[in-house]
Amino acid sequence: MFSLKTLQTKKQWSNWAETAQGSFEQFFTPHNTEELQSLVETAYKNGKRIRVIGASHSFSPIALPEEICISLHEMRGLDSVDAASGEATFWGGTYLYEIGPILKEHGLALENMGDIQEQTIAGAVSTGTHGTGITLGSISNQVASWEWIDGTGTYHKHRRLNEEDPLANSLQVSLGLLGILVKVTLKVLPLYSLKVTTFRATIEEGLANWKSDLSHFRHLEWFWFPGTNLIQVKQMELIPPEPQKKWEKTVSSISKTVIDNQAYYVLSEICRRNPKRTQWVSEFSAKNIPNRTEKGYSYELFATPRKVKFYETEIAIPIESFPECLDELTSGLKDNPFFVHFPIEIRFVKGESGYLNPNHQQDSAFLAFHMYKGMPYKPYFEWVWNVMEKYNGRPHWGKMNQLTEEKVQELYPKWGSFLEERERYDSNRMYVNKYFRGLIK
Ligand SMILES: Cc1cc2nc3c(=O)[nH]c(=O)nc-3n(C[C@H](O)[C@H](O)[C@H](O)COP(=O)(O)OP(=O)(O)OC[C@H]3O[C@@H](n4cnc5c(N)ncnc54)[C@H](O)[C@@H]3O)c2cc1C
């Protein structure tokens, strides 16, 4: 579990879900660019490998440090803001939960966010972290320029030129392989609020309204309860700025902490101890989907606390394949053969130019599959990966996946162009860890 103290004292690292663990030799939390640069230069001279960690929220071992582990925890916050041009520059170590309130003070907001806000901005940008909204890209797509330190200790700044810009398209989702992101400049929007509506529907009803909902709502998300044909539909609309009302915040917080987390923990434990109860829990959760409407600043509503631990894999498929893929998944999960009660999260994201974005050049449906921590996830995820392969599914880099060098080459037409940029900035392979040594030969 991510703790600076453990990293410092025990020199042991683990990610949030404890699906990746490792020990390393040295841990540093530099306070400024000069300090960071000098660390990289020394490591370069001594032939040591570096991994920068964000909040360690990736499920895959992409952040796993081996020799030198660096955290930008002390390099956080707003560097500069220009409300007129709609750009704000943040230090790489800034946590997403810090960004909303800072931008609000300047009458600004992020275009979109995912469903938690514990990650660092550099980690989120490095992995293509996304929310939902078919007219919107990932958080990486909101970056106008990147500042980073390469594998020799040299500082670079690059401003995106156009959609064909190879360096920008490699930096868009760089997985930490081009160097350490020190700052990112984000395109931001005038402050806005969201009206969020959630309700229960059947898959058939969802599909009947799917296309019109996609075009009507800025954000559309489904949570589908395996072994049932019931989904929770979440629709979000942009409204003029208004804070969340105090009492609504309290009600929402109790509901999210007590029902979504504490009660769900109890239900999850029932499933872990007695997997045969899984189908009942899935049905029970689906039948208790609340009808709810909430309003508040976007950053107050995008994210939810996630206290119940789980394993996750998430795969993007071309949006046209979504109904057919859903149909195949529905029949495969009819009798809940994998004893899974966590809902399948379905989001929709616009295609973007980043070479390693799972939604590279195609509007995509992202389907995320979860299994409660401590329950067998392998047979479920392996089945999922087989099904999703038929639809050319590209896994999220920050989630569990079965990517091999051959698969990456097959799925990412611009993998070779990415590797050329990577070679230019880290020919010594200082930033390549064990996970990537399996992918980059
Ligand atoms: C409960 C939960 C919910 C999640 N929800 C979503 C979601 O809604 N949408 C979504 O898309 N993803 C989601 N994720 C995945 C998560 O957003 C990504 O894995 C993200 O990268 C985590 O950010 P982090 O700061 O923890 O980065 P880490 O996991 O620590 O690192 C990720 C990668 O970024 C690199 N990195 C970190 N900092 C730097 C830096 N300064 N310079 C260069 N490289 C760096 C690391 O080396 C590593 O390769 C979720 C994860 C969890 C655990």
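The rules behind these values
Residues numbered from 1 in each chain as written. Predicted model: local features only at pLDDT ≥ 70, side-chain atom pairs only at ≥ 80, totals over all residues. Heavy atoms only, no water. UniProt positions renumbered as here; feature names shortened; annotations may be inferred. Helix = DSSP H or I, 4+ residues; strand = E, 2+ residues; numbered from the N terminus. Pairing = 2+ DSSP bridges. Axes fitted to C-alpha atoms, helices over the stretch in contact; angles between N-to-C directions. Contact = heavy atoms within 4.5 Å. Near = heavy atom within 4 Å. Polar contact = N/O pair within 3.5 Å; in protein donor to acceptor, adjacent residues only side chain to side chain. Nonpolar A, V, L, I, M, F, W, Y, C, P; charged D, E, K, R; others polar. Buried < 20%, exposed > 50% of the residue type's maximum accessible area, 1.4 Å probe, protein only.

Trainee: I'd like a rundown of the UniProt feature "domain: FAD-binding PCMH-type" (unreviewed entry) in the chain, residues and numbers included.
Mentor: Taken from the UniProt record, the annotation "domain: FAD-binding PCMH-type" (unreviewed entry) applies to residues 19-191. The span residues 19-191 carries 21% helix and 28% strand; its end-to-end C-alpha distance comes to 37 Å.

Trainee: Give a description of the sheet that holds strand E15 (residues 230-239) that names residues and reports values.
Mentor: Strand order in the open sheet formed by eight strands is E16-E13-E15-E14-E18-E19-E17-E20, and the pairing between neighbours is antiparallel. The open sheet has two free edges, formed respectively by strand E16 (292-297) and strand E20 (394-395), since each of these has just one partner strand. In this structure, strand E14 (residues 219-224) lies alongside strand E18 (residues 344-349), joined through four bridges in antiparallel fashion. Counted as the bridge partner of Trp224 is Ile344 from E18.

Trainee: Break down the sheet that holds strand E5 (residues 68-71) for me, citing the residues and quoting the values.
Mentor: Spatial strand order, E3-E5-E4: three strands in an open sheet with parallel pairing. Both edges of this open sheet fall to strand E3 (26-28) and strand E4 (50-53), since each of them pairs with a single strand only. Put simply, the sheet's adjacent strands are angled 25 degrees from each other on average, direction ignored. Summarising the sheet, E3 and E5 pair through three bridges and their orientation is parallel. Bridge pairing links Phe28 to Ile70 in E5. Running at roughly 170 degrees to E5, helix H2 (residues 33-46) makes contact with E3, E4 and E5 of the sheet.

Trainee: Give a description of the site of the ligand that names residues and reports values.
Mentor: Near the ligand, the surroundings consist of 35 residues, among which Val52, Ser58, Thr127, His130 and Leu181 are the closest. Within the contact set of the ligand, an oxygen atom lies 2.9 Å away from a backbone nitrogen or oxygen of Ser56. Between the ligand and Thr120 there is a distance of 2.8 Å, counted from an oxygen atom to a side-chain nitrogen or oxygen. Looking at the shell around the ligand, the elements that each hand over two or more residues are E4, helix H4 (121-127) and strand E11 (180-187). Examining the composition of the shell around the ligand, we find that five residues originate from one element, H4, more than from any other. Looking at the shell around the ligand, its residues break down into 15 nonpolar, 16 polar and four charged.

Trainee: Any details on the environment of Trp148? Residues and values, ideally.
Mentor: By secondary structure assignment, the location of Trp148 is in strand E9 (residues 143-149). Judged by its relative accessible area of 1%, Trp148 falls in the buried class. It is 45 Å that separates the C-alpha atoms of Trp148 and Leu267, two residues lying 119 residues apart in sequence. In terms of polar contacts, Trp148 uses its side chain to reach the backbone carbonyl oxygen of Leu178, at 3.2 Å.

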